[in-house]
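Each chain is listed here by its residues.
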Amino acid sequence: MFNDTQLQAYKAQLRGALIEPGDAAYDSSRKVYNAMIDKRPRLIARCADVADVIATVNFAREHALLLAVRGGAHNGAGLGVCDDGLVLDLSALHGIRVDPRAHTMRVEGGCTWGDVDHATHAFGLATPAGIISTTGVGGLTLGGGIGHLSRRFGLTIDNLLSVDMVLANGQLVTAGSKENEELFWAVRGGGGNFGVVTSFEFKLHAVDNVVAGPTLWPLERAAEVMRWYRDFIVGAPPELNGFFLFLTVPPAPPFPEALHLKKMCGVVWCYTGDPARAEQVFEPVRAMSPALYGIHALPYPMLQRAFDGLYPPGHQWYWRADFVDELPDAAIALHVEHGPRAPTMQSSMHLYPIDGAVHRVGRNDTAFCYRSSKWAMVIVGVDPDPANRESITRWCKDYWDALHPYSAGGAYVNFMMDEGQERVQATYREHYPKLAAVKQKFDPGNLFRVNQNIKPAG
């Protein structure tokens, strides 16, 4: 697809490194967060700046190379890498500029949410993100962005003001509420289908210390706790977020030794309101008599890092997910049947609430269209040992198969594996034709297809 002269000409355009098979950095550079993914690209371009991104997009297009865009590399399906193609690695683009007066920030496309937390916490500010700080800003944002602050401040995309992005033709454009509006609509939930976002502009909120932590209950109370949680969280003040989970208690602090490696159910809470009201807000939680009440005041970045040690890069992962409108007793019975069967310590099921501020954004205002759903459910089979790959995958699929009839139909794109075009269309529902039209306008050749792909219209 290209000769050595063309390759050397491309390489001469780059400020960053161009990595090939056989280079010392090749194996480490092709690895992604999910160790189930083992792909071998022909080239890896570690872009140093926007000019490198433009040169890389142009080279991939001109030589018909499969192009994958790598940010934080957390994507469960491993969509930041590809076989035999070109990986555009943004990890060196990690600048952040916070404007504490305007409560905004500009974040480059290779940043992680840990980078963002470090930069914004100095000013007592934050924007909604995920729950693991090593997650990339780009992938999480483009898929929607669900986390501890969602009920109060919305999805990450609801706090996105503009993006700078390189299109398939190599042009750098800005998309926001006053320019390239249809493109801005599409990138808010449409994933990486439309170009390479080199920087994001976000709105920030006053978030400094939070009152947060886990509450755990024994499995024999799981149905009771799920029914209580189902009714409590939807009526809770938006300053309170809490996601339900089945877990095996990690054998490490802050969990007491008596609970280590026990299978339990729980809720991880985050309260961002007036600290003087925290005792009152959590009174219904204490009234449920949890076996562990681990709620206390802590800096918000500490909460964001709480799962980093449990889920480091390099483990085997298999994901399945759905949006959930309601949680009837019949679904709870299935959760109680399948959740405790998790085959490894790190395997889990989470129910993330997406009501509150998420519901105040119109269904058609962004590409993310599940604005009436109450939860985003994810089931993850996780283990460091490749020998357990089959067991974690089978448990995850069986659990999802049982609960899918009670779902809203589609899933949060950041929680999906490679599940086929039908699932992608179910995820975007009536927005899919509009997304396909935007794709046709900005990427008619489908250069950006290593993603949950939206095919160009026509």
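Values in this document were obtained by computation on a predicted structure and should not be read as measured data. (Residues numbered from 1 in each chain as written. Predicted model: local features only at pLDDT ≥ 70, side-chain atom pairs only at ≥ 80, totals over all residues. Heavy atoms only, no water.)

Participant: How do you make sense of the sheet that holds strand β8 (residues 160-166) when you look at a structure like this?
Facilitator: One key point about sheets: their strands pair by backbone hydrogen bonds, in either a parallel or an antiparallel sense. Taking strand neighbours across the sheet as the criterion, the 5 strands line up as β5-β6-β10-β8-β9 in an open arrangement whose pairing is antiparallel. Of all strands in the sheet, those with a lone pairing partner are β5 (96-99) and β9 (172-176), marking the two edges. Here the average twist between neighbouring strands, direction ignored, is 15°. Across 4 bridges, β5 lies against strand β6 (residues 104-108) in antiparallel orientation. If you follow Ile 96 over to β6, its bridge partner there is Val 107. The sheet strands contacting helix α4 (residues 113-121) are β5, β6 and β10 (196-203), and the helix crosses β5 at an angle near 35°. (Pairing = 2+ DSSP bridges. Helix = DSSP H or I, 4+ residues; strand = E, 2+ residues; numbered from the N terminus. Axes fitted to C-alpha atoms, helices over the stretch in contact; angles between N-to-C directions. Contact = heavy atoms within 4.5 Å.)

Participant: How should I be thinking about the sheet that holds strand β3 (residues 67-70) in this particular structure?
Facilitator: Taken in spatial order, the 4 strands make up an open sheet running β1-β2-β4-β3, and their pairing is mixed. Each end of this open sheet is capped by a strand with a single partner; those strands are β1 (17-19) and β3. With strand direction ignored, the average angle separating the axes of adjacent strands in the sheet is 20°. Both β3 and strand β4 (residues 86-89) contribute to a ladder of 4 bridges, which runs parallel. Its bridge partner being in β4, Leu 67 is matched across the sheet by Leu 86. Sitting on the sheet, helix α1 (residues 4-13) touches β1, β2 (43-46) and β4, and the angle it makes with β1 is about 145°. Each of β2, β3 and β4 is contacted by helix α3 (residues 50-62), which is oriented at about 165° to β4, the strand it contacts most.

Participant: I would appreciate a short explanation of the environment of Gly 114 in the present structure.
Facilitator: Note that Gly 114 resides in helix α4. Placed 188 residues apart in sequence, Gly 114 and Met 302 show a C-alpha to C-alpha distance of 9.9 Å.

Participant: Just to check I follow, could you spell out the pattern of salt bridges for this structure?
Facilitator: Scanning the model with the defined rule gives 24 salt bridges in all. Among the ionic pairs, Asp 164 bridges to Arg 106, the shortest N-O distance being 4.0 Å. You can see Asp 164 sitting in strand β8 and its partner Arg 106 sitting in strand β6, a full 58 residues away along the chain. In this structure, Asp 322 engages Arg 423 in a salt bridge whose closest nitrogen and oxygen atoms are separated by 3.2 Å. Taken together, the positions of Asp 322 in strand β17 (residues 316-324) and Arg 423 in helix α14 (residues 421-428) put the pair 101 residues apart, joining distant regions of the chain. Relative accessible area serves as the criterion here: at 1%, Asp 322 is assigned to the buried category. Assessed through its relative accessible area of 9%, Arg 423 is described here as buried. Taken together, the shared-partner salt bridges connect Arg 320, Asp 322, Glu 419 and Arg 423 into one network. (Salt bridge = Lys/Arg side-chain N within 4 Å of Asp/Glu carboxyl O. Buried < 20%, exposed > 50% of the residue type's maximum accessible area, 1.4 Å probe, protein only.)

Participant: How should I be thinking about the side chain of Asp 355 in this particular structure?
Facilitator: By secondary structure assignment, the location of Asp 355 is in the loop between β18 (348-353) and β19 (375-383). In this view, Asp 355 contacts Ser 150, Arg 151, Ile 233, Val 234 and Lys 374; residues no more than four positions away in its chain are not counted.

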